[in-house]
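So you can see what is in the structure, the chains are spelled out below.
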Amino acid sequence: MEKLLYPLWKAEELAADAFRDALLAWSKQQLAQASLSGLRLAVADSGVAPAAGRRLSSGAPLPDGLLSLWLPDPGTRAPLEASLADRVARFECYRVREVEPLVNRRAGADGRVPGMCQVALLYRPARLSEEEWLSRWQGSHTPIAIDTQATFGYRQNLVVQALAGSAAPPDAVVEENFPPGAMTSEYAFYGVEAGDEASLARRRDELMASCARFIDFDRIDVVPMTEYLLQAPPEGLAGGG
């Protein structure tokens, strides 16, 4: 079983919520028709508009959505992509290896996950070998990220292969679920009591120092999105690859 990630871009004239609705309708059609073992959709819609200040761009246009699919064989993806192409301005496809240090257990009846999903596209700094980069990121950084933030879901996707789109894909894609308050409140983002400046500063400084060990901040893209978990992959398949 393989996990495929699709960054998605909408037509400029299309409203964010219209893009979301079209993708949700498409996703439900695919679940009814295709041999999918899991589907997750995240879209930068009006639900996360308050988090606009958390967006970061390294220069290229930020994706408007992120589609996660689990397929028995990536070679069977062509009909899905042909159908998807009619709903988006463009897409890319990455085969990824997922690690899920913090499993999200929150979703509504419609699959909507509360709060925001902070999607980050990471690029390995030239100063680090792949081995050292992974050691710093997935080795020492992971517990710090969980301890210093109010996340209730955390997925790390290492890009193994670009199957469609960019010849220079990101090295990894991170998905972090935060509660609604984290969109506008630093206290809620870092999981401390409002007004507790000492705890806020300590957690923020610890997180930023850890991030600086494996991220160049001028080469990272961050997009808050609303997440829909429309079909969770069976236990044991979440990692893909």
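What comes next concerns the included structure.

### A few points about the overall build of the protein
Tallying secondary structure elements over the protein gives five helices and nine strands in all. Secondary structure of the protein in N-to-C order comes out as β-α-β-β-α-β-β-β-α-β-β-α-α-β. In summary, the protein has a C-alpha radius of gyration of 17 Å against a globular reference of 18 Å for 241 residues, a match within 12%. Taking the principal axes of its C-alpha atoms as reference, the protein extends roughly 55 × 40 × 35 Å. Evaluated residue by residue, the protein yields a buried proportion of 48% over its 241 residues. Total accessible area on the protein stands at roughly 10400 Å², and carbon and sulfur atoms take up 50% of it.

### As for the environment of Leu66
Its place among the elements puts Leu66 in strand 3 (residues 65–71). For Leu66, a relative accessible area of 4% puts it in the buried group. Each C-alpha atom of the pair Leu66 and Arg203 lies 28 Å from the other, and the pair is 137 residues apart in sequence. What Leu66 contacts, discounting residues up to four positions off in sequence, is Leu5, Tyr6, Pro7, Arg40, Leu41, Ala42, Val119, Val173, Glu175 and Met225.

### Things to note about the layout of surface pockets
By volume, the largest pocket is sized at about 470 Å³. Gln118, Leu207, Met208, Cys211 and Val222 are the residues nearest the centre of the largest pocket, which is lined by 25 residues in total. Those elements that provide at least two residues to the lining of the largest pocket are strand 6 (116–122), helix 3 (130–148), strand 8 (172–178), helix 4 (186–190), helix 5 (197–212) and strand 9 (220–231). By residue class, the composition of the lining of the largest pocket is 17 nonpolar, four polar and four charged.

### Quick look at the packing of helix 3 against helix 5
Helix packing geometry: the angle between the two helix axes and the distance between the axes. Where helix 3 meets helix 5, the closest approach of the two axes is 10 Å, and the angle between their N-to-C directions is 155°. Judged by the angle between their axes, helix 3 and helix 5 are roughly antiparallel. Handedness of the helix 3/helix 5 crossing: left-handed. Here His141, Ile144, Ala145, Asp147 and Thr148 of helix 3 come into contact with helix 5, specifically with Arg203, Glu206, Leu207, Ser210 and Cys211. Of the residues belonging to the contact of helix 3 with helix 5, the class tally is four nonpolar, three polar and three charged.

### Observations concerning helix 5
An ideal rise of 1.5 Å per residue puts 22 Å on 16 residues; helix 5 measures up with 22 Å between its terminal C-alpha atoms. Residues of helix 5 that are buried: Ser199, Leu200, Leu207, Ser210 and Cys211. Along helix 5, the residues classed as buried sweep out an arc of 115° about the axis, all on the same side. Residues of helix 5 that are buried sit in contact with helix 3 and helix 4.

### Here's the deal with the environment of Phe152
In this fold, Phe152 is placed in the loop between helix 3 and strand 7 (153–164). Taking relative accessible area as the criterion, Phe152 reaches 7% and is therefore assigned buried. C-alpha separation for the pair Phe152 and Gln30, spaced 122 residues apart in sequence, amounts to 28 Å. Not counting residues within four places of it along the chain, the set of residues in contact with Phe152 comprises Leu102, Val103, Asn104, Arg106, Val113, Pro114, Asn177, Phe178 and Pro179.

### Re the packing of aromatic side chains
In this structure the tally under the stated criterion is five aromatic pairs. Note on Trp137 and Phe214: the rings are 6.5 Å apart at their centroids and 20° apart in plane angle, and the pair reads as stacked. Here the residue Trp137 occupies a position in helix 3, and Phe214 occupies one in the loop between helix 5 and strand 9, the gap between them amounting to 77 residues. Overall, the relative accessible area of 2% leaves Phe214 in the buried class. By the ring-pair criterion, three or more aromatic residues cluster together here, those being Trp133, Trp137 and Phe214. Here Arg90 stacks its cationic end above the ring of Trp9, 3.7 Å away from the centre of that ring.

### As for helix 3
With 19 residues, helix 3 ought to run about 27 Å at 1.5 Å a step, and its terminal C-alpha atoms sit 25 Å apart, in line with that. Considering bend angle alone, the principal kink of helix 3 is centred on His141 and spans about 55°; proline Pro143 follows within four residues of it. Of all the positions in helix 3, only Trp133, Leu134, Trp137, His141, Thr142, Ala145 and Thr148 are classed as buried. On its buried face, helix 3 is in contact with strand 5 (93–102), strand 6, strand 7, strand 8, helix 4 and helix 5.

Definitions and cut-offs
Residues numbered from 1 in each chain as written. Predicted model: local features only at pLDDT ≥ 70, side-chain atom pairs only at ≥ 80, totals over all residues. Heavy atoms only, no water. Helix = DSSP H or I, 4+ residues; strand = E, 2+ residues; numbered from the N terminus. Rg over C-alpha atoms; globule rule 2.2 N^0.38 Å. Buried < 20%, exposed > 50% of the residue type's maximum accessible area, 1.4 Å probe, protein only. Areas by Shrake-Rupley, 256 points an atom, 1.4 Å probe, with all protein chains shown as cover. Contact = heavy atoms within 4.5 Å. 1 Å grid on protein atoms, 1.4 Å probe; cavity = no way out; pocket = protein on both sides within 12 Å on 5 of 7 lines; lining within 4 Å. Points joined across faces, edges and corners; volume = space filled by probe spheres on them. Nonpolar A, V, L, I, M, F, W, Y, C, P; charged D, E, K, R; others polar. Axes fitted to C-alpha atoms, helices over the stretch in contact; angles between N-to-C directions. Parallel < 35°, antiparallel > 145°, perpendicular 65-115°, else oblique. Left-handed = near helix turned anticlockwise from the far one by under 90°. Expected span 1.5 Å × (residues − 1). Arc of directions from axis to C-beta. Phe/Tyr/Trp six-rings, centres within 6.5 Å; stacked < 30°, edge-to-face > 60°. Lys NZ or Arg CZ within 6 Å of the ring centre and 35° of its normal. Bend = angle between axes of the 7 residues up to and from the residue.

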